[in-house]
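Analysis of the macromolecular model
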Amino acid sequence: MSIKVAIQMDPIGSINFKGDSTLRLGFEAQARGHELYYYTPNSLSLRGSDVIAHAYPIRLRNDPEHYYELAKPVLLDLRSMDVVLLRQDPPFNMPYITTTYMLERLMPDVLVVNNPMSVRNHPEKLFPMQFAQFMPPTLVSSDVNEIAKFRAEHKDIIIKPLYGFGGRAVLRVKADDDNFEALLEMQFSASDEPVVVQAFLPEVKTGDRRIILIDGKFGGAIGRIPAEGEIRANMRVGGTPVKAELTPKQKDICDALGPVLKEQGIMFAGIDVIGDWLTEINITSPTGLVPIEKLYGKNLAVDFWDAVDSRIKSR
């Protein structure tokens, strides 16, 4: 069954050919004979009740020097698509949120993945609070006094921007660190958004996991080892992917999250755990498909498109 697919993503010329999950999804869609279009978020418009985009018909190539070929751009009525993939990277700011309002208008005529309402309503560092029983001690706040009390209780803490991504601006503050107040002052002078404060988990050195859930079901997992002298295991900041088995508690986390993600129309999620603790639920533009395929030989893009095709057939 051939379907029409529009991919909303960052400029394709700027992505990492070797590790980009959106590109991997595109290759699998193309292999199935699906008709692909590509556009960037700033090409999206709402004209009356019509959701339109200046989009390019696209062909993908397995060539790092020339991995895509764009045809002449067209003014695309997104309601003519079967599927729209919402795959742009954060920051999760007002322009990003605005695209979710626009794409929401396509539903239920068009399958938008992930569901833009769920993406908007479940920021990646707030969503886990719905499953607080699996989380380490966590505070989300702009209140310096509350943050100071949290630090006094837990001593060794992590501070990260609420809407940050890719491990950027993640700070560890130990009990004897005299820079605590200055760090908060710098943080809140740069941004008025709250911060996430968590008890530091020493398991980050060996127990950081990225787990992929496809339509609510476990797809695969990798371990992420921080670079020497780092506390951040994200691959964007030098973390190394390795094979990893899930612990019983991590399996419990997947079992608890899976039905909720499926119900919310989140067909591709990347959850982060450290040891047996849930830390983030990534649903904007999750990554991890390529290292899982390299380490295990398992192409989760196949599982993803199987799930999408099944939903299209059942409509």
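In this report, the structure presented in the accompanying data block is examined. Keep in mind that this is a model prediction, so the values were computed, not measured.

The next point concerns the environment of glycine 265. Residue placement: glycine 265 occurs in the loop between helix H6 (248–263) and strand S16 (268–274). The spatial distance from the C-alpha of glycine 265 to the C-alpha of cysteine 254 is 16 Å, given a sequence separation of eleven residues. When neighbours within four sequence positions are excluded, glycine 265 is seen to be in contact with Asn114, Asn115 and Arg311.

Relative to the helices and strands, threonine 284 resides in the loop between strand S17 (277–282) and helix H7 (289–296). Using a relative accessible area of 5% as the deciding quantity, one classes threonine 284 as buried. Side chain to side chain, threonine 284 and glutamate 124 meet in a polar contact 2.5 Å long. Beyond its immediate sequence surroundings of up to four residues, threonine 284 is in contact with Leu86, Arg87, Gln88, Pro90, Phe92, Tyr96, Val119 and Glu124.

This next bit is on unusual backbone geometry. Geometrically, the link from methionine 107 to proline 108 is a cis peptide bond, its omega value of 5° lying close to zero. Inspection of the secondary structure assignment puts proline 108 in the loop between helix H2 (94–104) and strand S8 (111–113). Geometrically, the link from valine 113 to asparagine 114 is a cis peptide bond, its omega value of -5° lying close to zero. Of note in this structure, lysine 155 is not a glycine but carries a positive phi near 70°. Assignment of secondary structure puts lysine 155 in the loop between helix H4 (144–154) and strand S10 (157–161). Judged by its relative accessible area of 47%, lysine 155 falls in the partly exposed class. One non-glycine residue, aspartate 215, lies in the positive phi region at around 50°. With respect to the helices, strands and loops of the structure, aspartate 215 is situated in the loop between strand S13 (208–214) and strand S14 (217–225). Judged by relative accessible area, which is 10%, aspartate 215 ranks as buried.

To continue, consider the pairing of S17. Taken residue by residue, a regular strand's side chains alternate between the two faces of the sheet. Counting buried positions along S17 gives five out of six residues, so the element sits mostly inside the fold. Pairing analysis gives five bridges linking S16 to S17, with the strands arranged antiparallel. Bridging from a neighbouring strand, glycine 270 pairs with asparagine 282 of S17. The hairpin formed by S16 and S17 contains two residues between the paired strands, and glycine 275 there has a positive phi angle of roughly 60°.

Overall, the coordinates contain 16 salt bridges when judged by the stated rule. The partner of arginine 79 in a salt bridge is aspartate 109, and the shortest N-O contact between them spans 3.1 Å. Here aspartate 109 lies in the loop between H2 and S8 and arginine 79 lies in the loop between strand S6 (74–77) and strand S7 (83–86), a separation of 30 residues in the sequence. Connected through shared salt-bridge partners, Glu28, Arg32, Asp306 and Asp309 make up one network.

Reading guide: rules and limits
Residues numbered from 1 in each chain as written. Predicted model: local features only at pLDDT ≥ 70, side-chain atom pairs only at ≥ 80, totals over all residues. Heavy atoms only, no water. Helix = DSSP H or I, 4+ residues; strand = E, 2+ residues; numbered from the N terminus. Contact = heavy atoms within 4.5 Å. Buried < 20%, exposed > 50% of the residue type's maximum accessible area, 1.4 Å probe, protein only. Polar contact = N/O pair within 3.5 Å; in protein donor to acceptor, adjacent residues only side chain to side chain. Pairing = 2+ DSSP bridges. Salt bridge = Lys/Arg side-chain N within 4 Å of Asp/Glu carboxyl O.

None of the figures reported here should be taken as evidence of function without further support.
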